[in-house]
Amino acid sequence: MNISAPFIQRPIATALVMVGLLVSGLVAYPLLPVASLPNVNYPTLTVTAQLPGADPQTIAETVTSPLELQFGEIPGLTQMTSASALGYAQITLQFELSRNIDGAESDTLSAIQTASAYLPKNIPYPPMIRKVNPADTPILVLGISSDSLPITVVDAYAQNILLQKISQISGVGFVGVGGEEQPAVRVQVDPAALAARGINLEDVRTVLNQANVDLPKGQLNSPRQTFTFNTNDQLFLPEQYADLIIAYRNGSPVRIRDVGRTISAGQNELIAGWENNKRAVTLAIYRQPGANVIETVQRINDMMPVLKASIPAAIKIDAISDRTQTIRASVADVQFTLLLPVALVVMVIFIFLRSFWATIIPAITVPLSLIGTFAILYEMGYTLENLSPNGAVDRGRIRGR
């Protein structure tokens, strides 16, 4: 039986098939997602909770433990790790590969609601859930810094403008902020001065809470018009807090400036980011699942002039880490590795056989078979990654294909 007989008998149809295979491969190759590692999505959730001012031991006993007890009853949970720090708790939940991530998130939310009865009453807000992929790493890390502006101003522009614009770029999945320094006013009082006047710290806290609440003021009605009062009771400057009256002693008001001082500082001075020995805010950019890393970073770079124009000229944006550099080098090496054997095969056949047709046939069929493979890879949902030269095969095996 001659396998090539049907193709020899139908040369036009065979030529059309070969051209179609060539075109489909050339079209599919730029559309293949490119990443540094195989796109393996593990059903993983991260739960974070905050209790400002609490030490790690208190966080572990009052926040982490009640949550862990409820999370342990979720079906399909394979691994649970937790970390308790100063005023902060993080619990990572990893589920079976067969478990649907949306269903796991719903069960985790129910567990948090059940555990809320055992959490501290003064917790500022309920624990938050975020879907994560432990196989993902930031594709681009940007450093935002300034030589003249304070770090609180840099943080405000980074989170309110840059983070919002970058998150809207196609292919960007999540943008993490590091070294954030949100502005705040700190009230520092002298306990001895308070005790001498018979005032305790709870009195100071009550005055601060009551003086910094923005509540509706109501309306003023008349037969023909209605006026709505719009005033802001919030305080923003240290001088405004210094004038607050804590109590009255001997008929005279006791203000905060009499027992301490107020200063402008960061909300959390235990967190800081650095770039080239100067304070900075970092933006760690993660890609969406299946997105092309190189194209996503290129879109961010194309957007960079717009980003820089939307912030003051004194704020600088620098690329601290760019994963596409190693990915581009790896893809270029694989391309060279594929082209070199083809050239060597054709050259060896021509030298030893010295036949035109014996040389031209492999010179056409070998590249055609490689290019046509790209169309099959695209249709099956594989990616090009630099874990190994056969990355698409590795990913298919991991996903059970």
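Structure: see above.
Note that the structure is predicted; figures quoted are calculated from it, not measured.

J.: Whenever I open this one, unusual backbone geometry confuses me. Can you help?
T.: Only a minority of non-glycine residues have a phi that is not negative, and only a minority of peptide bonds are not trans. You will see that Asn-250, though not glycine, has its phi angle at about 55°, which is positive. Take Asn-250: it is sitting in the loop between β11 (245-249) and β12 (252-255). Residue Asn-276 is not a glycine yet carries a positive backbone phi of 55°. Relative to the elements of secondary structure, Asn-276 occurs in the loop between β14 (274-275) and β15 (278-287). Overall, the relative accessible area of 64% leaves Asn-276 in the exposed class.

J.: What is the right way to look at the layout of surface pockets in this model?
T.: Picture a little ball the size of a water molecule; that probe, rolled over the atoms, points out where space is still empty. What the largest pocket holds in volume is close to 1900 Å³. Contributing to the lining of the largest pocket are 43 residues, with Gln-50, Pro-52, Tyr-125, Gln-267 and Asn-268 lying nearest its centre. At the level of elements, β2 (44-50), β4 (88-95), β5 (128-132), β7 (172-178), β8 (183-189) and α7 (201-211) are the ones that each hand at least two residues to the lining of the largest pocket. It is β8 that provides the largest number of residues to the lining of the largest pocket, a total of seven residues.

J.: Is there a simple way to explain the nonpolar core in this structure?
T.: A general tendency of soluble globular proteins is for nonpolar side chains to be buried together. Counting residues in each nonpolar core, the largest one holds 26 residues, and the members touching the most others are Leu-142, Ile-144, Ile-166, Leu-283, Ile-285 and Ile-317. Elements that contribute at least two residues to this core include exactly β6 (140-146), α5 (151-167), β7, β15, α10 (293-309) and β16 (315-322). Setting aside its immediate chain neighbours within four residues, Ile-317 contacts Leu-142, Gly-143, Ile-144, Leu-162, Met-304, Leu-307, Lys-308 and Ile-311.

J.: Can you walk me through the side chain of Thr-324 in this structure?
T.: For Thr-324, the position within the fold is in helix α11 (residues 324-353). Assessed through its relative accessible area of 3%, Thr-324 is described here as buried. Here the side chain of Thr-324 touches Asp-322 through a polar contact of 2.6 Å, side chain to side chain.

J.: Any chance you could explain the pairing of β11 here in plain terms?
T.: Consecutive residues of a regular strand have side chains that alternate between opposite faces of the sheet. As paired strands, β11 and β12 are joined by four bridges and run antiparallel to one another. Looking at β12, one finds that Arg-249 is bridged to Ser-252. Turn length for the β11-β12 hairpin, with the two strands adjacent in sequence and antiparallel, is two residues, and the turn residue Asn-250 shows positive phi of about 55°.

J.: Any chance you could explain the packing of aromatic side chains here in plain terms?
T.: Each aromatic ring pair is summarised here by two numbers: the centre-to-centre distance and the angle between the ring planes. Tallying each qualifying case throughout the model produces one aromatic pair. Note on Phe-174 and Tyr-286: the rings are 5.8 Å apart at their centroids and 40° apart in plane angle, and the pair reads as tilted. In this pair, Phe-174 sits in strand β7 while Tyr-286 sits in strand β15, placing the two residues 112 residues apart along the sequence. Classification of Phe-174 as partly exposed rests on a relative accessible area of 34%. Its end group placed over the ring of Phe-174, Arg-130 keeps NZ or CZ at 4.4 Å from the ring centre. For Arg-279, the ring lying beneath its charged end belongs to Trp-274, and the centroid distance is 5.6 Å.

J.: Where do I start with the side chain of Ser-145 in this structure?
T.: Positionally, Ser-145 belongs in strand β6. Ser-145 gets classed as buried once you look at its relative accessible area, which sits at 0%.

What counts and how
Residues numbered from 1 in each chain as written. Predicted model: local features only at pLDDT ≥ 70, side-chain atom pairs only at ≥ 80, totals over all residues. Heavy atoms only, no water. Helix = DSSP H or I, 4+ residues; strand = E, 2+ residues; numbered from the N terminus. Buried < 20%, exposed > 50% of the residue type's maximum accessible area, 1.4 Å probe, protein only. 1 Å grid on protein atoms, 1.4 Å probe; cavity = no way out; pocket = protein on both sides within 12 Å on 5 of 7 lines; lining within 4 Å. Points joined across faces, edges and corners; volume = space filled by probe spheres on them. Core = buried A, V, L, I, M, F, W, Y, C linked by side-chain atoms within 4.5 Å. Contact = heavy atoms within 4.5 Å. Polar contact = N/O pair within 3.5 Å; in protein donor to acceptor, adjacent residues only side chain to side chain. Pairing = 2+ DSSP bridges. Phe/Tyr/Trp six-rings, centres within 6.5 Å; stacked < 30°, edge-to-face > 60°. Lys NZ or Arg CZ within 6 Å of the ring centre and 35° of its normal.

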